[in-house]
Amino acid sequence: MEDIDHSDDLFNLDLDSLFEGGDDLLAPGHHDNSYSLAADLTGVGFGSNNDGGDNNDDAAKFSSLSLPSETPPRLSTSTNNNNDGPPQLIVSKSNGTSIYRSAQKLNAVGIKVIHQNDHLQVADTLSPSNFNLTMNKLVHEETVSKLLPPDVNKRHVIEVSSFNGSPALYFKWENGITCKEWLDKVRIQQQTTHSQKEAAAKFTVRLRAAVAIAKTLTQFHQSRVVYNALTLDNIVLTPFEGDYLATFIDLSDAVICNDEKTFDERKGVDLTNLGIVLNQLFQKADGGGGESSAGRGTGGGLASSRRRVSVNSDTEGEVPSNTRNAKKRGKQQITPGEGLPLYLRAMVSTLLIGDEEHDDSQQLRYESANAVYEDLKVMATQSTDVDRRNSYFKETEADHEVIIHSRLKLPKDLFYGRQVQMSMIMHQLQSATMLGDQPLMALIAGYPGTGKSTLVDQIKKPLADKDGLIIEGKFDSSACPDKVLASALDSFFTDINASNAGENAHMSMRWRISDAVGSGVSCLYDSIPSLRTFMDDGTEVDRSEGRKIAGNSLDQRLKYMFCKLISAIPCRSQPLVLVLDDLQWADEMTLGVIRMLMTDPDIRYFLFLGCYRENEVNDSHMLSTSLNDIREQGINIMTIKVGAIEKESTNALISDVMCLPPNLCRPLSNVVHRKTGGIIMFVLRLLASLNDEELIWYSIKSRRWMFDLQKIELKEMSEDVVKHMTEHMSRLPKKMQMGLKLCACLGPKFDTAIVEKVQRGANIGDNFLESCVDDGFLQIKGDSGFYTWAHDQVQQAAYELIPLQQREKFHLLIGSRLFLSTSSAEIDKFIFYIVDNMNRGVTLVDNPQQKYEMAELNLRAGEKILERHSFQSSVKYLMAGIALLENDSWEKKYGLTIRLHDAASEALCATGDFPKLTALAEKPLIYARCFQDKLNIYNNLVRALSSSGENEECISRCVSVLSQLGEFLPKHITPDIYREEVAKVKQALIGQSKQDLLSLPVMTKAKKLTAMRFLNHMLIATYSTNPPLNLLVVFRMVRMTVDFGVCNISAVGFACYGAWLASSPNDEYEGAFTMGRVASDLMKKLCGAEAEILPRIYLLVYGMINIYKEPWQASLCKYSEAFDAGMISGDTEYALSNITLYYMLSLFNCGSNLKETSQSLHKFVTRALQYQHQTAVRTLAISEQMAYDLMGLKKNCYEAHFGLDEEALKNFFVRNKLANMSRNLYQKIKYVTYMCGDMDAAAKHYDLQEALNANCSVQATTGRTSFFFISTFIDGLIGLYFARKHREDEAKWTHVAEKAIELMKKWTDGSSWNCANKLYLLQAEYFFLKNDERAYACYRASITKAREHKFNHEEGLAHEKLATYLLYKNQHDEALQHFQNAKKCYATWGANVLVQRVEKAITILSPLCVGSI
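Just so we're clear, the structure is a prediction, and the values are computed from it rather than from any experiment. (Residues numbered from 1 in each chain as written. Predicted model: local features only at pLDDT ≥ 70, side-chain atom pairs only at ≥ 80, totals over all residues. Heavy atoms only, no water.)

Enquirer: When you look at unusual backbone geometry in this model, what are you seeing that I'm missing?
Expert: For residues other than glycine, phi is negative in most cases, and the peptide bonds are mostly trans. Phi is positive for Asp582, which is not a glycine, with a value near 60 degrees. Considering the arrangement of structural elements, one finds Asp582 in the loop between strand 14 (576-581) and helix 21 (588-599). In the Ramachandran plot, Glu694 falls in the positive-phi region, its phi being about 60 degrees despite a non-glycine side chain. Tracing the backbone through its elements, the reader meets Glu694 in the loop between helix 25 (680-692) and strand 17 (696-699). Here Glu694 falls in the exposed class, since its relative accessible area comes to 61%. (Helix = DSSP H or I, 4+ residues; strand = E, 2+ residues; numbered from the N terminus. Buried < 20%, exposed > 50% of the residue type's maximum accessible area, 1.4 Å probe, protein only.)

Enquirer: Sorry if this is basic, but what is going on with helix 17 (residues 484-498) here?
Expert: Each turn of an α-helix holds 3.6 residues, which means side chains three or four residues apart point in the same direction. With 15 residues, helix 17 ought to run about 21 Å at 1.5 Å a step, and its terminal C-alpha atoms sit 21 Å apart, in line with that. Inspection of helix 17 places Val484, Leu485, Ala486, Ala488, Leu489, Phe492, Phe493 and Ile496 among the buried residues, and these make up the whole buried set. (Expected span 1.5 Å × (residues − 1).)

Enquirer: How do you make sense of the pattern of salt bridges when you look at a structure like this?
Expert: Pairing between side chains of opposite charge can happen when their charged atoms approach one another. Overall, the coordinates contain 52 salt bridges when judged by the stated rule. For Lys460, the salt bridge identified is with Glu472, shortest N-O distance 3.0 Å. Placement of Lys460 in helix 16 (residues 460-465) and of Glu472 in strand 13 (residues 469-474) is noted, with a sequence separation of 12 residues between them. Judged by its relative accessible area of 39%, Glu472 falls in the partly exposed class. Two residues, Glu953 and Arg957, come together in a salt bridge whose shortest N-O distance is 3.1 Å. (Salt bridge = Lys/Arg side-chain N within 4 Å of Asp/Glu carboxyl O.)

Enquirer: Teacher, can you tell me more about the packing of aromatic side chains here?
Expert: The geometry of an aromatic ring pair comes down to the distance between the two centres and the angle between the two planes. All told, the structure shown has 38 aromatic pairs when counted by the stated rule. An aromatic cluster of at least three residues, connected via ring pairs, comprises Tyr1069, Tyr1108, Trp1112, Phe1268, Phe1269, Trp1307 and Phe1351. Geometry around Phe171 places Arg155 over its ring, the cationic atom sitting 4.6 Å from the centre. (Phe/Tyr/Trp six-rings, centres within 6.5 Å; stacked < 30°, edge-to-face > 60°. Lys NZ or Arg CZ within 6 Å of the ring centre and 35° of its normal.)

Enquirer: Which parts of the structure should I look at to understand helix 44 (residues 1027-1044)?
Expert: End to end, helix 44 covers 26 Å across 18 residues, agreeing with the expected 26 Å (1.5 Å per residue, within 8%). Judged by how many residues are buried, helix 44 sits mostly within the fold: 16 of 18 residues are covered. Positive phi shows up at Gly1045, right after helix 44, with a value of about 110 degrees.

Enquirer: Help me understand the sheet that holds strand 7 (residues 177-178) in this model?
Expert: The strands making up a sheet are joined through hydrogen bonds of the backbone, oriented either antiparallel or parallel. Pairing is antiparallel in the open sheet, where 3 strands are placed in the order 7-9-10. Taken across any chain shown, the strands that pair with only one partner, and hence form the sheet edges, are strand 7 and strand 10 (243-248). Pairing analysis gives 6 bridges linking strand 9 (residues 235-240) to strand 10, with the strands arranged antiparallel. Each bridged residue has a counterpart across the sheet, and for Thr238 the counterpart in strand 10 is Leu245. (Pairing = 2+ DSSP bridges.)

Enquirer: Mind showing me how you'd approach the pairing of strand 12 (residues 440-446) here?
Expert: In the case of a regular strand, side chains alternate between the two sheet surfaces. By the criterion of burial, strand 12 is predominantly enclosed, with 7 of the 7 residues buried. Here strand 12 shows no split at all, with Leu440, Ala442, Ile444 and Gly446 on one side and Met441, Leu443 and Ala445 on the other all buried. For strand 12 and strand 16 (residues 637-642), the ladder comprises 6 bridges, and the chain directions are parallel. Looking across to strand 16, one finds that Met441 is bridged to Ile637.

Enquirer: Sorry, what's going on with the nonpolar core here?
Expert: Proteins that are soluble and globular tend to have nonpolar side chains buried together. Ranked by size, the top nonpolar core spans 300 residues in total, and within it Phe493, Ile513, Leu531, Leu740 and Phe750 carry the most contacts. For this core, the leading source of residues is helix 45 (residues 1048-1063), giving 11 residues. Sequence-distant contacts of Leu531, defined by excluding residues within four places in its chain, comprise Phe493, Ile513, Val521, Leu524, Tyr525 and Leu565. Residues Leu230, Leu237, Leu352 and Val683 belong to the second largest nonpolar core, which totals 85 residues. (Core = buried A, V, L, I, M, F, W, Y, C linked by side-chain atoms within 4.5 Å. Contact = heavy atoms within 4.5 Å.)

Enquirer: Help me understand the sheet that holds strand 13, please; the structure alone is not making it clear to me.
Expert: Here we have 5 strands laid out as an open sheet, ordered 13-14-15-12-16, and parallel in their pairing. Sheet topology places strand 13 and strand 16 at the edges, where each strand pairs with a single neighbour. Recorded for the sheet is a direction-independent mean angle of 15 degrees between the axes of neighbouring strands. Pairing analysis gives 5 bridges linking strand 14 to strand 15 (residues 606-613), with the strands arranged parallel. (Axes fitted to C-alpha atoms, helices over the stretch in contact; angles between N-to-C directions.)

Enquirer: What is the right way to look at the side chain of His901 in this model?
Expert: Mapped onto the elements of the fold, His901 is located in helix 37 (residues 894-911). Once residues lying within four places of it in the same chain are set aside, the contact partners of His901 are Ile882, Leu885, Trp890, Leu920, Pro924 and Ile937.

Enquirer: Before we go on, may I ask you to explain the packing of helix 11 (residues 369-382) against helix 24 (residues 662-676) in this structure?
Expert: Angle between the axes and distance between the axes are the two parameters that describe a pair of packed helices. At a minimum axis distance of 9 Å, the contact between helix 11 and helix 24 shows a crossing angle of 100 degrees. Between helix 11 and helix 24, the angle is such that the two are roughly perpendicular. Here Ala371, Glu374, Asp375 and Val378 of helix 11 lie close against helix 24, whose contacting residues are Pro662, Asn663 and Leu664. Here the residues of the contact of helix 11 with helix 24 are counted per class, giving 4 nonpolar, 1 polar and 2 charged. (Parallel < 35°, antiparallel > 145°, perpendicular 65-115°, else oblique. Nonpolar A, V, L, I, M, F, W, Y, C, P; charged D, E, K, R; others polar.)

Enquirer: Would you explain the environment of Ile1343 in this entry?
Expert: Its place among the elements puts Ile1343 in helix 59 (residues 1334-1348). For the pair Ile1343 and His1359, spaced 16 residues apart in sequence, the C-alpha to C-alpha distance is 6.7 Å. Dropping the residues within four chain positions of it, Ile1343 is found in contact with Glu1355, Ala1358, His1359, Leu1362 and His1378.

Enquirer: Help me understand the environment of Leu580 in this model?
Expert: Relative to the assigned elements, Leu580 resides in strand 14. Among the residues examined, Leu580 registers a relative accessible area of 0% and is labelled buried. Note: C-alpha distance between Leu580 and Phe608 (28 residues apart in sequence) is 8.1 Å. Contacts of Leu580, omitting those with residues within four sequence positions, involve Gly473, Phe475, Thr590, Ile594, Phe608, Leu609, Gly610 and Cys611.

Printed below as a string of structure tokens:
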């Protein structure tokens, strides 16, 4: 016999091999019950009735029988000592019946012979009446066989005739084995102990056999045939295509029902017998396998022995009029086998003993064999899953516990009816992990309790199989939303630190994080403590750093840092999924991080999954706005709708929970689905409450779960799941209710320590938390000791237990109890639990001293969370503390009051809530006792004003503060004042070499350091709105550095001074380069390689100084580096200023491809909008529109970003005195109109630009960017064009051109790479104007230099200008060649408008050329 692991082989036995022992096997008495065994070994087939004949004829007839189109099988005619005797191949014989089989292995034929006893061999021994009665029975069997369709697995009768004078049935023989014999063999094998895996495999085989048996019985019933004799002996099993066929033999007792009513009355016999067979089939070795009392005897089963249908010539048969009563009469003899899994136990007990605990109208019963077949198929399908198979196979101790206490065991992770949604998520996961070329996003939307989170949980296993990583966070309506992402990351790195993953994987991730974030990662350590452990970093965090960062840039910095950290985690071998649940409660900071992640071009192998309640999110919701922003960036968001589950899914859920076959629990599931609407959480809570009310219970007698359907249908319940759960909780013991109330006030997460503190004085029982976990109210997170609510609506239901009018008092009581029971050493651990609850009951506090105590606690909480960069939460606590202050707090509690205002101003500045900050600043600026106490408020206020674009107010505040610090700046700057300041700064620098400046002492005076900080605040504000004052600020910073020593801001001052020198009328380039080097070296000396001021230094040195000397292309990478450094340090103003220079240089100076550059540029416009940096938005938008105009796109980015067209935007800049923005816009329009050939518009904007410059009281600027070179170049070309027109203003335009040529010569001396091609083109046009033959050589030189120096766009312009010159000279062929070259260059640039314009010239010129003839 094969090992049990190959249980399927038991059905692959060759039947000949079972009897190859010959006569020994078939000796008389070998089979006492040989009829049953013979039937077990027979096949099935069709036949026709045939009268008997003599012995030889019968033998000959049998040996020649065959099935259509088959080789006729032959039966041996040899006999023992008698040539006329029966064939030698006898299979079985018993009192009254013998079974023969032909000798062929294939297409064998069997014969069933009926005689009076074992010794009778001739027909005349039987009386005619007995012979006819026997023949009628065989004819009935033939009739049943014919009635049943060919595909039904039954005995196929060939014919009814006689054999050796006895009535005989001829049938088709098929190899197989009876259930009884198979179980006997299995029982022998079970004497050897096998592993659980082997036993489970054997269980699966039995289950597949049971499915085959139920299927065949279903086929009988579909033809209205009651088999009436279902026993293990009468079932032959045959392997077929990986499953089994169950063939029913011995059709003699089958009943053909002519109408549905008769069939319904009689089918109960088969259902009862099916229960007996299943009971025996799944019995263990010590209790079944065909040896039970119910399985012995001729009939082999109780129902067959008591309800066998009699057949005679006048009727098809008789059964008791009430088969259900027949079942009851026999049930006392039937004991379903102990140890069966609950699912099977329920099925078998229902089939055998029905439902005694209800009247007939309420009984659970199987109405058809098909229902049993379907339920077995469900079990067989699910048994392919190892966990489910083991749960079906093994009856665990937990099952016994459930049975004893009659408690439903509700799984925590139920997944039903979500196959479509799951396939969508898996598609996204597959794309993210396999392709990984861009971040992917999917949102799961649905009503509360529909299983959104459970759906997400299904990806964890496939993600783990791919070595993937997952970060999980969940928002809560009552918790601080800006802590969620940081907490999720902290949990992630905590798990990483505790994992057994290889050190190589950890090291690789550390490297990626270091590369992406650099030293800036330390600013995340307070928010993500486990990150410090992971990075193995002992660096101390400078918490004063935030005070150096302007406006809400601290909040923007945190977004950027989170984004870079998350983007550095995944790689090809470790994809990442970020899951955030309940996004409807997300804060703006987290939504900003999501926006940045999804638009980050560098992130790979990343999938974001978000869940939200669609009924709580409308079009105006912050989440909707954020998602629309993401979609506008071209990001595809897959939205997966999750609704109520269907009835069938509800039925499957209840079937699993109650271990009931689906057809038995369908009446209950229909009611539950109707009452709950198919909301999974509601379904589970309803089942729990019905179980508590004993409307669902476990019946020991019936050995299955029972339910009172009538009472459940009559039960009234709320349609609101929260209200229903509250009603359910209100029926719990008082101790349990009190514990639930207390925990509901602690928020979404808490540990045992806080529960122990809060329960003092309240009796909630010793095992409260364990009971809550058992009842499904709470979940415990691993071994952490922390508990979370199973669902936020469970928490809400528990909270609803507290009467509305008592909630404030309840919260205040909890907060006070916690505060009084907490020592000063552990106050920080419980501070948020204390403050959150006290603040909810603040209206009940009247005592001023208690208010001050609460204000002190709010200050402590606010400062603590401010260190973690949770700015919104910090504002909440600090503003609550301020609200608790009495009117006389500035006198009685001055220290507390000023600290609250200082911290609140810093938090408000970080969040960008500038109106609230402005209002907050009023009182401390009035009541603060000294100027020093006002400085932090002033500092935060001017940071906010600068960031929000309120430049005039920012400048006014800074001037006021500086005057009180002893540094006076004039409000109105005249030329005389300007010259005086220039003289002072030059005097201070006389004799100061580079080394002398680098050797200056460090500034130590507090007032001067504060003054430098406020001068620094003024730099950006004055650059756009008041350039003359900007210069005075720079001069003052340099003089203070020389007089009082250096600080890090001194490097910025020197860089600004160098930029001014480079742009001054005297063209002091060498002095500018020296100052640039001083600034760079001083920055490295004072601040290190990754200085916070790097973005400012790079902007000035590479954007305004080195452009006069180094190739422009070399500066692009510096701008990118400065952008990243600025975002990491939080200096978003200068970070974005660097990126504006990057795109101006790329598009105007370097001629980068317009399409590619504009696509990346658009993302930064959106990012600048997110950072509320108006100057950067406007500058980038101007560059973006320039690209669109040259590409020929009908896009208006001004309309998209500002709601204005270009003309309105010009007026806006003029009206608001934004001189630099007006200049940038004029230069852009001038450039585009010139390149497109609209010379009048170009000239107009040249004049507007000159008028703007003339209106400035001081003709100076802090520095010029590289665009000034291009503007001057275009000015010269415009002047030369109009000078050639020889109009009355020829002299004006000639002067413009000559001035441009003069400047370009000086710049070419400093940087031939950048300016030589431009100078050659200006000279060529000038020679063209003067009709000088040197023009041609200059054009050619300009083309060559532009090509060599990678200025593709200007090469095209030079080709076009040369072609125009050649047309003037009537050299059409060469002109055509240069037009064609110009077209190629413009096409490479992506300037479709210019390509089209040149194509028109080519079309006109081509017919005039020799090569075209």
